[in-house]
Amino acid sequence: KRLAFFSAAAALLLFAVPSRVQAQVDTGSILGTVTDASGAAVTGAKVTLTNEGTGAELSTTTGADGGYKFTPVRVGSYKLAASLQGFQTVVQTGVAVNVGENVVANFALKPGTVTETVSVESTIPVLQSQDASVGQVVDSKNVNDLPLNGRNFTFLAQLAAGVNSPQADTRGNAATGAFAANGLRPAQNNYLLDGIDNNSDTVDFLNGTNFVVLPPVDAIQEFKVQTSGFSAEYGRSGAAVLNATIKSGTNEFHGTAWEFFRNDKLDAADFFENAGNIPKGALRQNQFGVSLGGPIKKNKIFIFGDYEGLRRVQGTVATGTVPTALMRSTGFTNFTELLGQGGTETDDLGRVFAAGTILDPATTRSVTAGQV
């Protein structure tokens with residue numbers, strides 16, 4: 001009994017101890033005001049938010065200033081409805097929330113009955129007035145439609161203003177999607193996936209990447225690149241923030257299956273193969289996978305999953321040399337065979353030695369005019 005008591009107490013104490021939790025910052029918000037025909041604020045109006053994909057609903061009421069706000073709101077398309085006794089119900093559909101975006105949706109109620117409904121199709125605001133950050137959203141259509149050699153969505157970050165490919169290096173960063181924002185180094189970028197830290201902490205990025213997890217292209221809902229003026233909640237970054245979000249299940253099943261392949265039978269020989277009459281190196285690359293999302297219980301529980309595989313066989317054409325017998329037998333002091341010549345050489349002091357001989361630096365001295 002004592003053991004059971006102490007075990008239960010320890011479990012309760014564990015849950016009671018505060019711990020540090022990272023906030024998810026891939027969500028957005030929807031806010032606005034409700035007014036009447038004269039422009040006066042309407043207090044106590046009911047505003048309902050409905051996810052058009054999952055059917056999930058949230059409701060709130062306007063305050064004394066007629067304002068309302070839903071936060072946090074997942075990336076997706078929403079329907080908003082504002083109603084109050086004595087006024088017509090106004091509905092806005094197709095309200096899109098992107099990564100980290102604050103969407104403004106205002107309502108103007110007209111006198112009438114609640115059963116009367118005025119439908120308004122939402123339009124994308126020309127100017128983002130809620131924050132001063134500079135960035136660009138790349139949605140799922142662009143992610144899927146634009147060409148990507150290697151199916152790495154981070155290459156599309158270069159579509160944003162002020163973003164370019166980094167300088168060439170020996171670690172392969174440029175080949176794995178790294179980018180430079182506003183002239184700063186790729187190591188100063190901040191990678192987020194579903195609002196969670198996705199940065200590689202490997203010293204000097206010896207693995208050739210700046211991120212840890214790279215989801216398949218077909219699993220990306222959208223991502224946003226912010227290059228300046230972004231909120232302090234993102235932290236860490238001195239360059240850009242790449243905030244990506246994964247697709248989720250909806251009330252309708254949706255999925256994809258893909259296969260991308262390369263084969264040496266479809267390729268021409270390169271310069272070195274042609275010049276040396278060398279057969280083409282083997283290249284057989286297959287990238288394949290599936291993604292699927294849908295409801296477990298409509299309007300309640302949803303699921304989404306994906307898989308991508310890579311199989312590659314690749315041969316390379318290379319030339320090289322190995323130490324000659326003479327080099328090995330002389331302790332690597334005679335390179336005559338490597339130089340392709342024989343005989344002797346004479347130095348500035350008139351000394352004669354075998355061609356290709358490497359001199360010990362400890363036995364040499366500088367040559368001064370007039371000295372022997």
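Here the structure is a predicted model, which means the values were calculated and not measured. (Residues numbered from 1 in each chain as written. Predicted model: local features only at pLDDT ≥ 70, side-chain atom pairs only at ≥ 80, totals over all residues. Heavy atoms only, no water.)

Visitor: Would you take a moment to explain the packing of aromatic side chains for this structure?
Guide: Here the distance between the centres and the angle between the planes together describe a pair of aromatic rings. Applying the stated criterion across every chain, the model contains six aromatic pairs. Ring centres 6.3 Å apart and planes at 50° place the aromatic pair Y68 and F107 in the tilted group. Taken together, the residues Y68 in strand β4 (residues 67-73) and F107 in strand β8 (residues 107-108) connect sequence positions 39 residues apart. Exposure class is identical for Y68 and F107. Each is buried. Judged by centre distance (5.3 Å) and plane angle (55°), the ring pair of F153 and F223 falls under tilted. Here F153 is found in the loop between α2 (140-145) and β11 (163-164), whereas its partner F223 is found in strand β15 (residues 220-228), with 70 residues between them in sequence. Connected via pairs of aromatic rings, a cluster forms that spans Y68, F70 and F107. (Phe/Tyr/Trp six-rings, centres within 6.5 Å; stacked < 30°, edge-to-face > 60°. Helix = DSSP H or I, 4+ residues; strand = E, 2+ residues; numbered from the N terminus. Buried < 20%, exposed > 50% of the residue type's maximum accessible area, 1.4 Å probe, protein only.)

Visitor: Whenever I open this one, the pattern of salt bridges confuses me. Can you help?
Guide: Under the criterion given, the structure shown has three salt bridges. Between D145 and K141 there is a salt bridge, and its shortest N-O distance comes to 3.0 Å. Taken together, the positions of D145 and K141, both in helix α2 and four residues apart, correspond to about one turn of that helix. K141 shares its class with D145; the two are exposed. (Salt bridge = Lys/Arg side-chain N within 4 Å of Asp/Glu carboxyl O.)

Visitor: Whenever I open this one, the sheet that holds strand β14 (residues 196-197) confuses me. Can you help?
Guide: Strand pairing in a sheet is mediated by backbone hydrogen bonds. Such pairs are either parallel or antiparallel. With respect to topology, five strands assemble into an open sheet ordered β10-β15-β16-β13-β14, the strand pairing being mixed. Edge positions in the sheet fall to β10 (134-139) and β14, since each of these pairs with one other strand and no more. Judged from the two bridges that link them, strand β13 (residues 190-193) and β14 form a sheet pairing that is antiparallel. Looking at β14, one finds that L192 is bridged to D197. (Pairing = 2+ DSSP bridges.)

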